[in-house]
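# A look at the structure
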Amino acid sequence: MSELVSTRIRNTAGKLGLPHLTETISEYIRRADEGKLGYLDFLDLVLSEELAVRDDRRFRQGLRLSRLPHHKTLDEYDFSFQPDLDPRKVKDLATLSFVEAKANAALLGPPGVGKTHIAVALAVAACRAGYSIYFTSLDDMVRHLKAAEAAGRLTSKLGTYLRPSVLVVDEVGYQPLERAEANLVFQVISKRYEKGSIILTSNKTFSEWGQVFGDEVLATAILDRLLHHCEVICINGPSYRLKNRLKAIERETEVA
Ligand code: ADP
Ligand code: MG
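The numbers attached to residues start from 1 for each chain and follow its sequence in the written order. Chain letters and ligand numbers both follow the written order, the letters beginning at A and the numbers at 1. Where totals are concerned, whole chains, interfaces and linings use all residues; where local detail is concerned, this predicted model gives features only for residues with pLDDT of at least 70, and gives and counts side-chain atom pairs only at 80 or more. Side-chain measures here rest on the full set of heavy atoms in the structure, leaving out hydrogens and waters.

### So, the domain arrangement of the protein chain
Note the threshold: All domain edges in this entry derive from an automatic or database-based domain assignment. Contacts between residues were defined by any pair of non-hydrogen atoms, one from each residue, lying within 4.5 Å. For salt bridges, the criterion is a side-chain nitrogen of Lys or Arg within 4 Å of an Asp or Glu carboxyl oxygen. Residues adjacent in sequence count toward polar contacts only when both atoms are side-chain atoms; beyond that, a polar contact is any pair of N or O atoms within 3.5 Å, and within protein one must be able to donate a hydrogen and the other to accept it. Each residue gets one of three labels, nonpolar for Ala, Val, Leu, Ile, Met, Phe, Trp, Tyr, Cys and Pro, charged for Asp, Glu, Lys and Arg, and polar for the others, Gly among them.
On domain assignment, one finds that the protein chain holds domain 1 (3-65) and domain 2 (74-242). One C-alpha centre belongs to domain 1, the other to domain 2, and the line joining them spans 40 Å. Counting from both sides, the interface comprises 5 residues of domain 1 and, opposite them, 6 residues of domain 2. Run the count over domain 1 and domain 2 and you get 0 salt bridges. On inspection of domain 1 and its partner domain 2, the count reaches 2 residue pairs in polar contact (both at pLDDT 80 or more). Taken together, the residues of the side of domain 1 that touches domain 2 sort by class into 3 nonpolar, 1 polar and 1 charged.

### Focus: the site of ligand 1
The test is simple: Proximity criterion: a residue is near a molecule or strand once any of its heavy atoms comes within 4 Å of it. Here the accessible surface of atoms and residues is derived via Shrake-Rupley with a 1.4 Å probe, and residues count as covered only by protein chains that are part of the display. Each helix is a run of H or I in the DSSP string that is no shorter than four residues. Each strand is a run of E no shorter than two, and both are numbered from the N terminus.
Around ligand 1 lies a shell of 14 residues, among which Lys-72, Asp-78, Gly-112, Lys-115 and His-117 are the nearest. One of the backbone nitrogen or oxygen atoms of Asp-78 is found 2.7 Å away from a nitrogen atom of ligand 1. A distance of 2.8 Å separates an oxygen atom of ligand 1 from a polar side-chain atom of Thr-116. Here ligand 1 loses 87% of its free accessible area of 550 Å² to cover by the protein chains. Those elements that place two or more of their residues in the shell around ligand 1 are helix H6 (115-128) and helix H12 (240-255). A per-element tally of the shell around ligand 1 places H6 first, with 3 residues. When the residues that make up the shell around ligand 1 are grouped by side-chain class, the tally is 5 nonpolar, 4 polar and 5 charged.

### Side note on the sheet that holds strand E5 (residues 230-234)
Put simply, the rule is: In short, DSSP must find at least two bridges between two strands for them to pair. For every element, the axis is a line fit to its C-alpha atoms; helices are fit only across the contacting stretch, and the angle between N-to-C directions ranges from 0 to 180 degrees.
Strands sit in the order E2-E3-E4-E1-E5 across an open sheet of 5 strands; the sheet is parallel. Two strands in the sheet have a free side with no partner beyond their single neighbour: strand E2 (133-137) and E5. In this sheet, neighbouring strand axes are inclined to one another by 10° on average, regardless of whether the strands run parallel or antiparallel. Here 4 bridges tie strand E1 (residues 104-108) to strand E4 (residues 197-202), and the two strands are oriented parallel to one another. Bridged to Ala-106 within E4 is Leu-200. Against the sheet, H6 contacts E1, E2, strand E3 (166-172) and E4, and its axis sits at roughly 165° relative to E4.

### Considering H6
An α-helix turns once every 3.6 residues. As a result, residues three or four positions apart point the same way. Here is the rule: What a helix should span is 1.5 Å times the count of its residues minus one. Buried residues are those whose accessible area, probed at 1.4 Å on protein chains only, stays under 20% of the maximum for their type, while exposed residues exceed 50% and partly exposed ones sit between those limits.
Taking 1.5 Å as the rise per residue, H6 with 14 residues should run 20 Å; its terminal C-alpha atoms sit 20 Å apart, in good agreement. Burial runs high along H6: 11 of the 14 residues are buried. For H6, every residue scored as buried is listed here: Lys-115, His-117, Ile-118, Ala-119, Val-120, Ala-121, Leu-122, Ala-123, Val-124, Ala-126 and Cys-127. At the exit of H6 stands Gly-130, carrying a positive phi of roughly 105°.

### Structural notes on the pattern of salt bridges
In the structure shown here, the tally under the stated rule is 9 salt bridges. Two residues, Arg-179 and Asp-215, come together in a salt bridge whose shortest N-O distance is 2.7 Å. Of this pair, Arg-179 sits in helix H9 (residues 179-192) while Asp-215 sits in the loop between helix H10 (209-212) and helix H11 (216-228), and the two are 36 residues apart along the sequence. Given a relative accessible area of 14%, Asp-215 falls into the buried group. Notably, a salt bridge pairs Arg-225 with Asp-224, separated by 3.7 Å at the nearest N-O pair. Through salt bridges with shared partners, a single network forms among Glu-27, Arg-30 and Glu-34.

Now the structure itself:
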């Protein structure tokens, strides 16, 4: 290919916002020559690779903005450790039809059963599918909203929790809230209702939410919006965190 044409292609690709193509044009030409690609196959190759690069860039950028604590996937979740949990229920969620429907998902159970792991795995899958994600613990969200309210910036801070397609609210119920705090949570839940998904995790059953939110009426109003369209998964089993610890302790006591 003449130097003139390849320079022009690089310039045009740059103007079209196709930086990958500007770097790899010679490589594409070499592969086309080697594989004796026709015009259609060549164009197909260039466009599909450019799209894959763009999707990957968007996915990595989305993960950076999501504030997820890690990027574990469902493949890393050992379902055999939780025999009472039906893997199909989790895998159904991973199809993301609930995200498409702007519905919610709740993962309930005691500490260490993998609630956060599964919530993160669903969020990573949603991010890969092109949805925007934001992860927060309930306590952090309340703390930030309270600070913003005190500074007269509540509306703008609410946007942080209302804009993403999927909001992950982790650890509902670890700390009881005051009424004004619960009110801020209600604002987030009611404004997201039928507009964007929430994935939440909690160590409390819904009947205990009255105590969490310090007010039965407010808790009922929150649950009403949250549960109208919501997949609920209860994981009642042993803590994975204690798995190896308990084995080690058993070994020690056997020896003794
Ligand atoms: P929870 O949020 O329910 O307290 P986490 O999701 O934080 O529990 O899980 C605690 C740790 O154990 C994490 O490192 C998580 O990846 C891991 N874990 C929990 N359950 C499983 C499982 N069934 N298979 C593999 N790892 C698990
Ligand atoms: Mg957790």
